[in-house]
Amino acid sequence: MDATLSDDEVRSTCPYCGVGCGTIVRTQGEGEARRVVEVRGDPQHPANFGRLCTKGATLAKTQRVELVRPGRLLSPMLRTARDAPRGRLAWDDALDHAATRFADCIAAHGPDSVAFYVSGQLLTEDYYVFNKLARAVAGTNNVDSNSRLCMSSAVAGYRRTLGADAPPACYEDIDLAGCLFFAGSNAAWAHPVLMRRVEDARRARPDLKLVVVDPRRTDTAELADLHLAILPGTDVALFHAMLHAMLWEGWVDRAYIDAHTEGFEALRAAVRDCTPAWAAEVCGVPVESILTAARWFATAGPTLSLYCQGLNQSSSGTAKNAALIGLHLATGQIGRPGAGPLSLTGQPNAMGGRETGTMANLLPGHRDPSNAADRDAVARHWGVDSLPAAPGLTAVELFEAVGAGRVRCVWIACTNPVQSLPDTEAVAAALARAEFVVLQEAYAGTATEPFADLLLPASTWPEKSGTVTNSERRVSRVRAALPAPGEARADWAIAADFALRLQVRRPAARGARFDWDGPGAVWDEWRGLTAGRDLDLSGLSWDVLERDGPQQWPYPAGASAGRARLYEDGRFPTADGRARFAAEPWRAVAEAPDARRPLRLLTGRTRDAWHGGSRTGLVPQLFAHDPEPSLQLAPAELERRGFVDGELVEVASRRGALTLPVRGSGTLRAGQAFVSMHWGPEWVSGGVNRLTLGALDPVSKQPELKHAAISVRRAALPYRLTAVGRVAPQHHAAAREALRACFGAAGHASCLPFGREESGWTLRLASDEPFGEALPQAVAAAFGRDPGTLLRYEDRRRGRLRWLAAEGGRLDFALVAGDGGEADEAEARRLQATVVEATPLRSLAALLGPAGAADTPRARTVCSCVGVTDRQILGFVARTGERRLDAVQAALSCGTGCGSCRIEVARLVAEAPVADTRTA
Ligand code: SF4
């Protein structure tokens with residue numbers, strides 16, 4: 001027992017991003033009634049020293065029993081025909097059935113007719129068991145992870161240049177660097193706790209240089225001393241031009257290059273023509289900015305690069321990673337304090353999947369399935385004669401193979417491909433064609449669920465026990481704080497029980513053991529595969545983690561601590577110990593804009609959401625910062641196209657179309673558009689990934705999710721229905737399902753939660769046909785409202801409705817429908833703001849009437865922790881003229897919690913208009 005914790009507390013790790021923050025989880029109650037009542041940052045955890053961002057700080061709210069239980073899968077469910085309803089069945093029967101289906105498929109069509117698609121949110125032990133199941137029992141390399149969508153270019157970049165997939169730097173290097181070089185990373189939103197560390201470093205050393213390379217002016221770019229707003233996909237051109245300038249100026253470290261690397265002359269030749277003037281043209285940034293970036297990178301160091309999906313999610317992601325790492329090798333900015341390339345992992349345990357080799361082109365312990373010696377080593381450890389040699393299918397290829405009928409049975413665990421893969425219409429069509437789909441999942445209602453023949457309920461944070469590895473190679477324990485609800489089971493245990501059953505039906509695959517008595521035993525077997533490897537974990541038992549806390553790898557047997565940074569001796573895990581330069585030329589994005597689709601669509605995260613929202617979607621407060629799916633355009637682009645902020649537009653790519661409200665955003669250049677990656681079909685009809693592109697990087701096979709060519713035109717959907725209302729917490733999940741059922745054939749439909757302590761939903765529908773009588777009634781019923789009890793204004797001839805309900809002196813429910821298009825929309829937004837902001841009501845009747853009332857924009861929450869809106873901040877500055885950030889924070893408390901909003905608060909304070917008091 002940890003003496004610093006009380007009996008009802010356990011240390012664990014945040015289940016969201018790759019920063020890997022330590023948490024302390026406090027629970028109350030007994031047995032099934034036990035619940036999480038508090039999650040706070042662990043002051044002893046070296047990744048966060050007690051800090052959490054908005055997402056981590058609201059983890060306890062994801063555990064509110066009344067919200068969580070109805071949204072969980074609680075027992076195995078099977079359907080025996082595509083259109084039949086699923087029926088409940090026992091675990092034994094479910095796994096027997098699955099084993100029979102997989103075994104029959106393998107017998108008839110071969111091992112590569114089945115596949116496993118898992119997740120960067122699994123624990124390392126889960127990953128390991130799935131990998132062993134796929135390769136040693138099913139006999140296929142068709143096991144891939146959704147980490148393919150976020151990290152595989154980083155993997156390929158490291159392997160190609162440094163010899164192994166090992167991030168060489170660590171978070172402490174942020175404190176020691178002279179130059180921080182962010183490339184394709186909006187860490188302020190995607191890795192907020194690291195950004196707090198960057199802010200600390202700047203306060204401690206005001207001369208620290210911060211360079212941000214990003215097409216958008218993100219919150220991270222806002223902090224930068226130098227922002228290079230390059231055109232999408234031109235990173236390699238920029239990095240090559242920086243190297244060109246470094247060579248010209250004599251800023252490269254010739255001694256380091258000669259002593260520790262190979263291949264520099266080829267790269268030197270490749271960048272000969274990549275002048276800063278050429279790159280300025282290609283990248284769309286000033287020559288001076290390129291020269292300054294090169295100078296700071298090479299001379300203001302030590303230089304630490306922090307990079308993420310902007311480099312990885314690209315059809316040239318490996319080349320981007322390799323070119324950036326090449327800058328570190330050329331300047332000797334690696335293997336010393338404050339220096340090195342440090343890829344930031346998106347998911348909490350993408351690293352665990354890479355380490356255990358649970359991707360089609362990897363084997364455990366940084367081994368390679370195309371290498372016979374590597375296959376033999378793993379086969380011996382697993383007790384089987386051999387492992388399959390045929391290359392496995394990576395994520396996009398895997399679902400293409402399902403669509404083509406080459407993969408017939410697919411097992412999906414802890415991920416939602418119909419939301420997250422590019423070209424989701426094609427993914428949905430593929431799954432509809434599959435012979436047998438197993439979905440192992442904690443949450444009900446994901447976009448993938450309708451395609452599952454067999455649903456298996458999995459446990460999730462905070463019910464699971466195991467380990468995760470964060471971006472700096474630090475292994476942390478995840479500890480169970482609660483029992484799993486219903487019949488939900490740990491992912492590793494489900495995979496192991498299935499493997500045992502599949503072995504019975506596949507006698508040749510009986511050698512491998514799957515009889516572990518817990519995840520600790522899985523960990524011990526796994527770390528045995530790492531002995532002598534670059535990621536040696538052989539000395540890192542769970543006892544060590546218990547005694548000494550989270551540790552970085554390598555941690556070989558006999559070590560007393562992990563290693564903070566790699567390659568300090570200049571030796572790399574290649575055959576000759578030398579790192580390799582890659583000399584890839586710059587290649588344009590796979591899908592260039594053209595006359596039909598003239599805009600570049602960029603995608604990315606929003607601040608408070610996590611992936612598809614299965615978990616963050618349970619906390620309405622986390623939607624307040626970005627309350628509605630939208631397509632962002634530069635204000636000048638909005639004006640040029642004659643769009644009004646908020647109006648509905650149809651966005652179309654070569655793959656599909658969807659309709660969204662359009663918003664002006666000062667973060668973008670003209671010719672660019674942005675949509676948040678989180679808005680799957682669970683939140684907005686169609687989902688954003690029906691637009692995105694599956695073009696693959698040739699090495700990493702990572703798809704180009706960050707860029708597609710699109711067209712945008714005004715949507716001809718004059719009939720609008722908006723309904724907004726509070727619902728009791730115990731009806732939150734049921735209301736969501738009922739409202740989603742109302743999406744029907746509407747041209748645009750979205751359903752989003754709002755609220756802090758209370759919760760409610762906003763449904764928006766737009767159609768080219770009148771909604772009729774039945775739909776408004778169904779919508780009201782979904783909110784638990786009897787239309788007969790509502791205050792109603794109705795213009796039947798024009799199909800206009802205003803239905804309202806008040807409670808406790810405030811508007812509690814409003815439904816607005818009609819053919820007034822934007823006028824109805826304005827009226828709906830006024831009523832929506834009245835409900836959401838719980839404005840005290842003077843007269844309910846005054847809210848009734850025809851459309852056309854002035855739009856009152858709804859305040860947007862900036863600080864989620866305290867609940868402070870943009871209107872409050874702007875109002876305070878306008879009233880007081882106060883522009884000192886600390887004074888505004890002292891008055892309103894915004895940005896005093898997790899700090900994720902601090903950059904935005906500072907911007908609002910700086911930009912707020914102030915009343916001219918001389919004329920007042
Ligand atoms: Fe969780 Fe936020 Fe820390 Fe990421 S930065 S691990 S989301 S608390």
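Residues numbered from 1 in each chain as written. Predicted model: local features only at pLDDT ≥ 70, side-chain atom pairs only at ≥ 80, totals over all residues. Heavy atoms only, no water.

Undergrad: Would you explain the sheet that holds strand β17 (residues 466-469) in this entry?
TA: Strand pairing in a sheet relies on backbone hydrogen bonds, with the paired strands running either antiparallel or parallel. Here we have three strands laid out as an open sheet, ordered β17-β18-β19, and antiparallel in their pairing. Both outer strands of the open sheet, β17 and β19 (551-552), are each paired with one neighbouring strand and no more. Sheet analysis places strand β18 (residues 474-478) next to β19, joined by two bridges and oriented antiparallel. Looking at β19, one finds that arginine 474 is bridged to glutamine 552. (Pairing = 2+ DSSP bridges. Helix = DSSP H or I, 4+ residues; strand = E, 2+ residues; numbered from the N terminus.)

Undergrad: Would you take a moment to explain the environment of arginine 597 for this structure?
TA: Relative to the helices and strands, arginine 597 is located in the loop between β20 (579-580) and β21 (599-604). We classify arginine 597 as buried; its relative accessible area is 19%. For the pair arginine 597 and isoleucine 230, spaced 367 residues apart in the sequence, the C-alpha separation amounts to 20 Å. Setting aside chain neighbours within four positions, we find arginine 597 in contact with Ala652, Ser653, Arg654, Ala709, Ile710 and Ser711. (Buried < 20%, exposed > 50% of the residue type's maximum accessible area, 1.4 Å probe, protein only. Contact = heavy atoms within 4.5 Å.)

Undergrad: When you look at empty space enclosed by the protein in this model, what are you seeing that I'm missing?
TA: Over the atoms, a rolled probe matching the size of one water molecule traces out where space is still vacant. Counting across every chain of the model gives eight cavities of 30 Å³ or more. Its boundaries defined by the atoms lining it, the second largest cavity holds a volume of some 130 Å³. Taken together, 17 residues form the lining of the second largest cavity, with Thr606, Ala609, Leu622, Phe623 and Trp679 sitting closest to its centre. (1 Å grid on protein atoms, 1.4 Å probe; cavity = no way out; pocket = protein on both sides within 12 Å on 5 of 7 lines; lining within 4 Å. Points joined across faces, edges and corners; volume = space filled by probe spheres on them.)

Undergrad: Teacher, can you tell me more about the site of the ligand here?
TA: What surrounds the ligand is the set Cys14, Tyr16, Cys17, Val19, Gly20, Cys21, Leu52, Cys53, Lys55, Gly56, Pro192 and Val193. Broken down by secondary-structure element, the contributors of at least two residues to the shell around the ligand are α1 (54-57) and α8 (192-204). In terms of residue class, the shell around the ligand is made up of nine nonpolar, two polar and one charged. (Near = heavy atom within 4 Å. Nonpolar A, V, L, I, M, F, W, Y, C, P; charged D, E, K, R; others polar.)

Undergrad: It is not clear to me how unusual backbone geometry should be interpreted in this structure. Could you clarify?
TA: Outside of glycine, negative phi angles account for most residues, and trans bonds account for most peptide bonds. With omega at 10 degrees, the peptide bond leading from tryptophan 461 into proline 462 counts as cis. Looking at where proline 462 falls in the secondary structure, it is placed in the loop between β16 (454-457) and β17. With an omega dihedral of 5 degrees, the bond running from tryptophan 553 to proline 554 counts as a cis peptide bond. One can find proline 554 in the loop between β19 and β20. Notably, tyrosine 567 is not glycine yet its phi reads approximately 65 degrees, a positive angle. Tracing the chain through its elements places tyrosine 567 in the loop between β19 and β20. Given a relative accessible area of 10%, tyrosine 567 falls into the buried group.

Undergrad: Whenever I open this one, the packing of helix α10 (residues 235-249) against helix α14 (residues 287-299) confuses me. Can you help?
TA: A pair of packed helices can be characterised by two numbers: the angle between their axes and the separation between those axes. In contact at an axis separation of 9 Å, α10 and α14 are set at 70 degrees when each is read in the N-to-C sense. Judged on the interaxial angle alone, α14 and α10 are roughly perpendicular. Seen along the crossing, α10 lies across α14 with a hand that is right-handed. Packed against α10, whose contacting residues are Leu238, Ala241, Met242, Ala245 and Met246, the element α14 presents Ile290, Leu291, Ala293, Ala294, Phe297 and Ala298 at the interface. Here the residues of the contact of α10 with α14 sort into eleven nonpolar, no polar and no charged. (Axes fitted to C-alpha atoms, helices over the stretch in contact; angles between N-to-C directions. Parallel < 35°, antiparallel > 145°, perpendicular 65-115°, else oblique. Left-handed = near helix turned anticlockwise from the far one by under 90°.)

Undergrad: Which parts of the structure should I look at to understand the packing of aromatic side chains?
TA: Two aromatic rings are characterised by how far apart their centres lie and by the angle between their planes. Considering all chains together, one arrives at 21 aromatic pairs under this definition. Ring geometry for tryptophan 278 against tryptophan 586: centres 6.3 Å apart, planes inclined by 75 degrees, an arrangement best described as edge-to-face. Here tryptophan 278, found in helix α13 (residues 276-283), pairs with tryptophan 586, found in the loop between β20 and β21; they are 308 residues apart in sequence, far enough to count as distant. Take tryptophan 278: its relative accessible area is 29%, and that puts it in the partly exposed class. Note on phenylalanine 514 and tryptophan 516: the rings are 5.5 Å apart at their centroids and 75 degrees apart in plane angle, and the pair reads as edge-to-face. Cation over ring: arginine 489 sits above tryptophan 91, and NZ or CZ is 5.3 Å from the ring centre. When the ring centre of tryptophan 683 is taken as origin, the NZ or CZ atom of arginine 740, which lies over that ring, is 5.3 Å away. (Phe/Tyr/Trp six-rings, centres within 6.5 Å; stacked < 30°, edge-to-face > 60°. Lys NZ or Arg CZ within 6 Å of the ring centre and 35° of its normal.)

Undergrad: What's the story with the pattern of salt bridges in this structure? I'm lost.
TA: Pairing is possible between side chains that carry opposite charge, provided their charged atoms lie close to one another. Scanning the model with the defined rule gives 69 salt bridges in all. Taking the shortest distance from any N to any O, the salt bridge between glutamate 262 and arginine 578 comes out at 3.7 Å. Residue glutamate 262 is located in strand β11 (residues 261-262), and its partner arginine 578 is located in the loop between β19 and β20; the two are separated by 316 residues in the primary sequence. Taking the relative accessible area as the measure of exposure, glutamate 262 reaches 34% and is therefore partly exposed. In this structure, arginine 663 and aspartate 645 form a salt bridge, with 2.8 Å as the shortest nitrogen-oxygen distance. Taken together, the positions of arginine 663 in strand β24 (residues 657-664) and aspartate 645 in the loop between α25 (635-640) and β23 (648-652) put the pair 18 residues apart, joining distant regions of the chain. When its relative accessible area of 41% is taken as the criterion, aspartate 645 is described as partly exposed. Within the structure, one salt-bridge network assembled from shared partners comprises Glu628, Asp645, Arg663, Arg764 and Arg829. (Salt bridge = Lys/Arg side-chain N within 4 Å of Asp/Glu carboxyl O.)

Undergrad: Any chance you could explain the sheet that holds β16 here in plain terms?
TA: Read across the open sheet, the seven strands follow the order β5-β4-β16-β15-β14-β6-β7; overall the sheet is mixed. Both edges of this open sheet fall to β5 (87-88) and β7 (143-145), since each of them pairs with a single strand only.

Undergrad: Teacher, can you tell me more about the environment of aspartate 273 here?
TA: Among the secondary structure elements, aspartate 273 is positioned in the loop between α12 (264-270) and α13. Residue aspartate 273 is classed as exposed on the basis of its relative accessible area, which comes to 63%. Counting along the chain gives 29 residues from aspartate 273 to histidine 244, while the straight-line C-alpha distance between them is 8.1 Å.

Undergrad: Would you take a moment to explain the environment of proline 462 for this structure?
TA: For proline 462, a relative accessible area of 1% gives the class buried. Taking the C-alpha atoms as reference, proline 462 lies 7.3 Å from arginine 479; in sequence the two are 17 residues apart. Here proline 462 is in contact with Val36, Gln63, Arg479, Ala480, Ala481 and Leu482, once residues within four sequence places are set aside.

Undergrad: Is there a simple way to think about the pairing of strand β28 (residues 748-754) in this case?
TA: The two faces of the sheet receive side chains in turn, since in a regular strand these alternate between them. With respect to burial, β28 is a largely interior element, seven of its seven residues being buried. Pairing of β28 with strand β29 (residues 759-767) involves seven bridges; the strand directions are antiparallel. Residue pairing across strands places cysteine 751 opposite leucine 763, the latter belonging to β29. Count of turn residues in the β28/β29 antiparallel hairpin: four residues, of which glycine 755 carries a positive phi of about 120 degrees.

Undergrad: What exactly am I supposed to notice about the nonpolar core here?
TA: One broad rule of soluble globular proteins: the nonpolar side chains tend to lie buried together. Counting 116 residues, the largest nonpolar core has Phe116, Met242 and Trp411 as its most contacted members. If sequence neighbours within four positions are ignored, methionine 242 has contacts with Phe181, Ile290, Ala293, Ala294, Phe297 and Leu327. Ranked by size, the runner-up nonpolar core spans 47 residues in total, among them Leu633, Leu721, Val779 and Leu801. (Core = buried A, V, L, I, M, F, W, Y, C linked by side-chain atoms within 4.5 Å.)

Undergrad: How do you make sense of helix α3 (residues 91-109) when you look at a structure like this?
TA: For the α-helix, the turn length of 3.6 residues means that residues three or four positions removed from each other point alike. Look at α3: 27 Å from first C-alpha to last across 19 residues, which is about the 27 Å you get at 1.5 Å a residue. Close packing links the buried residues of α3 with β6 (114-118), α4 (124-138), β14 (409-413), β15 (436-441), β16 and α22 (491-505). Just past α3, the residue glycine 110 takes up positive phi, approximately 95 degrees. (Expected span 1.5 Å × (residues − 1).)

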